[in-house]
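Notes for the structure review
Here are the chains, one letter per residue:
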Amino acid sequence: MPRFRAILDTMPAYKPGKAVVSPDGRSYKLSSNESPYEPLPSVVEAIADAARQINRYPDAGAIKLTETLAERLGVPESHIALGAGSVTVAQQLFETIGEPGAEVVYAWRSFEAYPLLADLAGVTSVKVPLKGEEHDLDAMAEAITDRTRMVFVCNPNNPTGTSIRRDDLVRFLDRVPDNVLVVLDEAYREYVRDADVPDGLELYRDRPNVCVLRTFSKAYGLAGLRVGFVVGHEPVAATVRKTIIPFAVNSIAQVAAIASLKAEDELLERVDAVVKERTRVREGLIAQGWTVPPTEANFVWLRLGDDTLDFAAACAVEGVAVRPFAGEGARVSIGDPEANDAFLTAAAAFRKG
């Protein structure tokens, strides 16, 4: 029998959101925070053209995409490092600090991949409980020790949707030692409408130990192609680039990301539509009697405790797939109006039952 790492005996595998089908054939997948919209025609056309070249290896440095991103974000090209989705870039970040005894601090609950990536990198997780549904930044700052190498701050937070305000985040960053890397995970940044929630790209510029993680999977609707990136000062970005698997960002993904950036105005109209539906869904849930924290992402969060799995099962009967976290709550993505109506109907029935 081959011998494997001991951590794999106790480490659970990542569980992606699932689809369900009701007895009458309805299916609404609200479990993975995906865009409910198909790719724009211009993006599909770019993908089709790129498909004719897949006999060639992709540009390993993703030069054109890096140039386009740098121009769009107003940052130096040397400050950008790419990967196959932001979760893979997060894995690369963990690998940059993965040594025996190293610790990483993050809120919990937050993105469910953090503990898995920490375990794989041989890093010790220091999970700081949420305060209500929000990051407890004071407790996180106090959890930093000489062993801390990295801190993850998910803003807006997945799965609660709550966000950290500018002054609070700045005060926290001021408390973090210069030799500790702070990763601002902003996978849902495009959905933020609260002007007091800071753009990490503004904060990182004069802080060499701060970097910003972004993705094309959510607002840009490219979840199936896997493109993510980190923006940080050159020493950070250069180190992350050393950990990338060669040719990790495939050629079609690079072309689709560039086309999406060129069509950004049209894409952001879709984001606005999701935000409007987010407001409608949250207000509908509150009217039903649910407690729903303010959300700046493309999902809502219900704290259900022991009722979580029963709630998910009741939604599944109506063909609505949600993302349950047993004993804690359910995260529900914002879909198209039909899917959202189906969810609100299922939530109302469960509430009355």
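None of the values given here were measured: they were computed from a predicted structure. (Residues numbered from 1 in each chain as written. Predicted model: local features only at pLDDT ≥ 70, side-chain atom pairs only at ≥ 80, totals over all residues. Heavy atoms only, no water.)

1. Here's the deal with the side chain of Arg 189
When you line up the elements, Arg 189 lands in the loop between β6 (181-185) and α7 (200-204). Despite its burial, Arg 189 pairs with no opposite charge, the nearest such side chain being Asp 199 at 4.3 Å. If we ignore the near neighbours within four places in the chain, the residues touching Arg 189 are Pro 156, Val 197, Pro 198, Asp 199 and Arg 214. (Helix = DSSP H or I, 4+ residues; strand = E, 2+ residues; numbered from the N terminus. Buried < 20%, exposed > 50% of the residue type's maximum accessible area, 1.4 Å probe, protein only. Lys, Arg positive; Asp, Glu negative; His and termini not counted. Salt bridge = Lys/Arg side-chain N within 4 Å of Asp/Glu carboxyl O. Contact = heavy atoms within 4.5 Å.)

2. Observations regarding the packing of aromatic side chains
Counted by the stated rule, this structure contains 14 aromatic pairs. Arranged with centres 6.0 Å apart and planes meeting at 70 degrees, the rings of Tyr 106 and Trp 108 form a pair that is edge-to-face. Taken as a pair, Tyr 106 and Trp 108 share a single burial class, namely buried. Where Trp 301 meets Phe 325, the ring centres are 6.0 Å apart and the plane angle is 55 degrees; that geometry is what we call tilted. Here Trp 301 is found in strand β9 (residues 299-303), whereas its partner Phe 325 is found in strand β11 (residues 323-325), with 24 residues between them in sequence. Each of the two residues, Trp 301 as well as Phe 325, counts as buried. A network of ring pairs unites the aromatic residues Phe 94, Tyr 106, Trp 108, Phe 111, Tyr 114 and Phe 152 as a single cluster. Looking at Arg 351, its charged tip hangs above the ring of Trp 290, at a distance of 5.0 Å from the centre. (Phe/Tyr/Trp six-rings, centres within 6.5 Å; stacked < 30°, edge-to-face > 60°. Lys NZ or Arg CZ within 6 Å of the ring centre and 35° of its normal.)

3. A word on the pattern of salt bridges
Per the stated rule, a full pass over the model turns up 22 salt bridges. We note a salt bridge from Asp 174 to Arg 207, for which the minimum N-O separation is 2.8 Å. Within this pair, whereas Asp 174 is found in helix α6 (residues 166-175), its partner Arg 207 is found in the loop between α7 and β7 (210-215), the two being separated by 33 residues in sequence. Of the residues examined, Arg 207 reaches a relative accessible area of 15% and is grouped as buried. Residue Asp 199 pairs with Arg 214 through a salt bridge whose shortest N-O separation is 2.8 Å. Residue Asp 199 is found in the loop between β6 and α7, and its partner Arg 214 is found in strand β7; the two are separated by 15 residues along the sequence. Judged by relative accessible area, which is 18%, Asp 199 ranks as buried.

4. A few points about the sheet that holds strand β5 (residues 148-154)
Strand order in the open sheet made by the seven strands is β2-β8-β7-β6-β5-β3-β4, with mixed pairing throughout. Edge positions in the sheet fall to β2 (80-83) and β4 (124-129), since each has one partner strand and no second. Strand-to-strand twist of the sheet, defined as the mean angle between neighbouring strand axes without regard to direction, takes the value 25 degrees. Here β5 runs beside β6; their pairing, made up of five bridges, is parallel. Counterpart to Cys 154 in the pairing with β6 is Asp 185. Across the face of the sheet, helix α2 (residues 63-73) comes into contact with β2 and β8 (228-231) while running at roughly 125 degrees to β2. On the sheet, helix α8 (residues 234-242) packs against β2, β6, β7 and β8 and is oriented at approximately 25 degrees with respect to β2. (Pairing = 2+ DSSP bridges. Axes fitted to C-alpha atoms, helices over the stretch in contact; angles between N-to-C directions.)

5. Details of the environment of Ser 78
When you line up the elements, Ser 78 lands in the loop between α2 and β2. With 154 residues separating them in the primary sequence, Ser 78 and Gly 232 have C-alpha atoms 8.7 Å apart. Contact partners of Ser 78, with chain neighbours within four places excluded, come to Glu 234, Ala 237 and Arg 241.

6. A few points about helix α10 (residues 264-288)
With 25 residues, α10 ought to run about 36 Å at 1.5 Å a step, and its terminal C-alpha atoms sit 36 Å apart, in line with that. Glu 264, Leu 267, Val 271, Val 274, Val 275, Glu 277, Arg 278, Val 281 and Leu 285 are the residues of α10 that are buried. Looking at the packing, one finds that the buried side of α10 touches α2, α9 (251-262), β9 and α12 (337-352). Backbone geometry just downstream of α10 places Gly 289 in the positive-phi region, at approximately 110 degrees. (Expected span 1.5 Å × (residues − 1).)

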